[in-house]
Structures are given as C-alpha cells and as structure tokens.
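Observations on the model geometry
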Amino acid sequence: MTGRAPVLSVRGLSVRFLMPGGRRVAAVTDAHFEVRAGECLALIGESGCGKSVLASALLGLLPGNAQTAGSALLGDLDLLTADERTLSRTVRGRLVGLVPQSPAAHLTPVRTIRSQLQETVAALTPARGRAALRAAAEAAAERAAFPADHLDHHPHELSGGLAQRAATALALVGDAPLLLADEPTTGLDRDLVDRTVDELRRHVDSGGDGGEGRALLMITHDLAAAERIADRVAVMYAGRIVELAEAAAFFGAPGPRHPYSRGLLDALPDRAFTPIPGLPPELGALPDGCAFAARCDRATDTCAVLPPLTGTVACHHPHAALTEAADRARTA
Ligand SMILES: Nc1ncnc2c1ncn2[C@@H]1O[C@H](COP(=O)(O)OP(=O)(O)O)[C@@H](O)[C@H]1O
Ligand code: SF4
Ligand SMILES: [Mg+2]
C-alpha cells in the first residue's frame, strides 16, 4: 500500500472563517496527509472539529467568508486554487465523488431518485440509450443498498437512511479516483452501516484505470465503521490532525499514541465506556499551547507550547509506539 502513488496530497491546509467584528474561526489548521490509490483513510474526531470544513475545502464548496492556505493536489491540480469552472466541470463527480453529510440538501427535491441517478449516469459515464441508462441507474442503487421499489420516489418520501443510500448511489456512479464520504453512515442501523462501508471498500479495491484502485477519504465519528474499512486513521482535534496511524495498530495493539485518540476509543461502549471529560475549545478562541490540555490527564507545563506533528503524533507525552511497547514487553 505504501508504495502506491498518492491520489490526494494535502500540505499545510488551513481554513479560517472571517466573522463580523474581525473574529477569526480557525476551522482547519496546517493539515498534512495523503490518500493513496487503493487506500481508505478515515478522518475521525468529535463533532465541530473541522472535518466537514476540510471536505468542503477539497471540493471548493467553502462559503465566501473562508480563507484557505496550503495545497491539496489531486494529480497536478491544486483543489484549493482551481477555478469554479474547473471544479464544477471536472472535479465534482468526475475526479472527486462526494457522499455528502446532509443528503437531503444534495438531492433534487422535485425529481425521483431514478431520474437523478439516470441523469448522473448520462453525465458521468458512456452509457447511452434508455435501457442502458435504466440498467446503470438500477445497478448503482443496488450497490448502495437502495431498494429498487423506492427508485420512483421523491427525496421527501424517503427516510434519512434511504436518502443517505441514494446519495451514496449517486456518488458511486462516476468513476472518480477519489471518493470523499462525509459521515456516510448517518441514520443507518448497524447492518446497513456494515453494508454501506463494505460497498465503499469494494469500490476502492475495484477501481482505477489500470486496476490500481481508487482512494477513499471517509469522514466519520462512527469508530466501528472506521475500524471495519480503514487502512489508516487521521485523528482531528480542534482543527488540527493530531495523529496519523495504521488502522490495525490504532484499533488493536499497541493502540493510539495521542491521549485524545485514546480517549475516543475508551469512550466506546464495547471498550472502557469512559467519556472524555469536558468539551473541545471554541475554534474562535484556541489556547496557544496544546488545545487538548484542559482535558488531558498527561498534561504538564510543557504542553503550554504547541506540540508539533513529529512523525505521526502531535503530543509532548504520547503513549508508546509499537517498537517501544514491544521493547518494554521484551525487557519486562
Ligand atoms: N461558514 C462558517 N462560518 C463560520 N464558522 C463555520 C462555518 N462553517 C463551519 N464553521 C465552524 O467550523 C467548525 C468546524 O465545523 P465542521 O467542519 O462542520 O465540524 P465537523 O468536524 O463536525 O464536521 C465549527 O466550529 C463550525 O462552527
Ligand atoms: S501535548 Fe500535553 S496536553 Fe496535549 S495531548 Fe499531549 S500530553 Fe496532553
Ligand atoms: Mg461534519
């Protein structure tokens, strides 16, 4: 996996919202990561930490009061500086497929799901003619576990879970090399969560012109879904990526290295079921040092200085890495 080419390379991505009165909201700060062909990177973190803003930046969908810095390269194209014509004609749908966080807002209210799927098939694939369009639309619905007997319904006639699956079906139609899924399992019960993420995984594994695979950036607060399909995990806290890890080491042994990542796993009902105390800081009033300090049981005076992302973790006192843990076990 590591030998494969990056489909997306994000370098120093920051997003600031300029608010009335001159206040600035630091929604994303200095994000660095790659998503490689055939890989699923799960971006996890509590609500409000900047995950969807990051996704919007990659699609050129930020509101007018946003300022960006850094770069996000998809091949030779910098998504942060691409003009709207390029974004709408070649990026959204064709190069980047989006499973949106609010499917209802992305479905056209006055059209049936079938007609929206067929229109997308016609726009993004070589399929032509009524029968071919109909078959391709039905196949896309099937892949996203959208029931065939609801294809002639309008969006308002669908439950939240069905609208989510319709949006997933639309995102899978184009053969986009990068799939960006923002909370793709919202409103689904566990069986459907599994089915949806398995389909996303299959889509990643099967794609690419030379069979080298597509790439998936899956934003989620559903850690079970992340564990099921992710190759790597990026943990976001207060607008910063504080840890990047191989999924197997993160969810298994030796576990996450950043105290916040540990806290996320410990909060799960099937683990320690102990919530992280306190709340994340306001992104408009971040402390100078580590933003997690007020909630962290490992904090010391050193943490008043911002910890840089060295290697794969941004923390002055991280938990042991695999080699350190293995060494300790050997010498114990
Ligand atoms: N248009 C905007 N103007 C100002 N602040 C915004 C805007 N959009 C999002 N934010 C702020 O950015 C932060 C991150 O939001 P978001 O990316 O939606 O979080 P999440 O991680 O839950 O997806 C939130 O604090 C939110 O209030
Ligand atoms: S830098 Fe300090 S406060 Fe921040 S997570 Fe690490 S130990 Fe905790
Ligand atoms: Mg979000």
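Residues numbered from 1 in each chain as written. Chains lettered and ligands numbered in written order. Predicted model: local features only at pLDDT ≥ 70, side-chain atom pairs only at ≥ 80, totals over all residues. Heavy atoms only, no water.

To keep it simple, the criterion reads: UniProt positions are given in the numbering used here, feature names are shortened, and annotations may be inferred rather than shown by experiment.
As annotated in an unreviewed UniProt entry, the protein chain carries the name Nickel import system ATP-binding protein NikD and is attributed to Streptomyces viridiviolaceus. Under the UniProt heading Subcellular location (unreviewed entry), the note attached to the protein chain is "Cell membrane". The Catalytic activity (unreviewed entry) comment attached to the protein chain in UniProt states, word for word, "Ni(2+)(out) + ATP + H2O = Ni(2+)(in) + ADP + phosphate + H(+)".

1. Details of helix α6 (residues 160–173)
Quick note on the threshold: We count a stretch as a helix when DSSP gives it H or I for four or more residues in a row; a strand needs E for two or more, and each element gets its number in order from the N terminus. What a helix should span is 1.5 Å times the count of its residues minus one. The classification of residues rests on relative accessible area computed with a 1.4 Å probe and restricted to protein chains. Under 20% of the type maximum is buried, over 50% is exposed, and intermediate values are partly exposed.
With 14 residues, α6 extends 20 Å between its outermost C-alpha atoms, agreeing within 8% with the 20 Å of an ideal straight helix rising 1.5 Å per residue. The element α6 is largely enclosed, with a buried count of 13 among its 14 residues.

2. Some words on helix α1 (residues 51–59)
For an α-helix the count is 3.6 residues per turn, leaving residues at separations of three or four pointing the same way. By the criterion of burial, α1 is predominantly enclosed, with seven of the nine residues buried. Turning to α1, its buried residues number three or more, namely K51, V53, L54, A55, A57, L58 and L59. One or two residues past the end of α1 sits G60, with phi positive at roughly 65°.

3. A closer look at the domain arrangement of the protein chain
Reports often express the size of an interface as the amount of accessible area lost when the parts come together. The test is simple: In this document the domain limits rely on a domain assignment from an automatic tool or a database. Residue contacts follow a heavy-atom distance rule, with two residues in contact if any of their heavy atoms lie within 4.5 Å. Buried area: the accessible surface (1.4 Å probe) lost by two parts on joining, summed over both. Salt bridges are counted wherever a side-chain nitrogen of Lys or Arg sits within 4 Å of a carboxyl oxygen of Asp or Glu. When residues are sorted by character, Ala, Val, Leu, Ile, Met, Phe, Trp, Tyr, Cys and Pro go into the nonpolar class, Asp, Glu, Lys and Arg into the charged class, and all the rest, Gly among them, into the polar class.
Split by domain assignment, the protein chain resolves into domain 1 (6–95 + 176–331) and domain 2 (102–175). In this structure, domain 1 and domain 2 have C-alpha centres spaced 28 Å apart. Listed as interface residues are 17 residues of domain 1 and, on the opposing side, 13 residues of domain 2. Carbon and sulfur atoms supply 54% of the area buried between domain 1 and domain 2, which totals about 1300 Å² over both sides. Linking domain 1 with domain 2 are one salt bridge, by the criterion used here. When the shortest N-O distance is used, the salt bridge between R214 and D175 registers 2.2 Å. In terms of residue count, the dominant contributor to the side of domain 1 that touches domain 2 is helix α7 (residues 190–206) (six residues). Residues belonging to the side of domain 1 that touches domain 2 are distributed by class as follows: seven nonpolar, five polar and five charged.

4. Some details on the packing of aromatic side chains
Rules: Working definition: a ring pair exists when centres of Phe, Tyr or Trp rings (six-membered ring for Trp) sit within 6.5 Å. Plane angles under 30 degrees give stacked, over 60 give edge-to-face, the rest tilted.
Under the counting rule described, the total for this entry stands at four aromatic pairs. Centroid distance Y237 to Y260: 4.4 Å. Interplanar angle 55°. Geometry classified as tilted. Taken as a pair, Y237 in strand β9 (residues 232–237) and Y260 in helix α10 (residues 259–266) lie far apart in primary sequence, 23 residues in all. Y260 sits in the buried class, given a relative accessible area of 0%.

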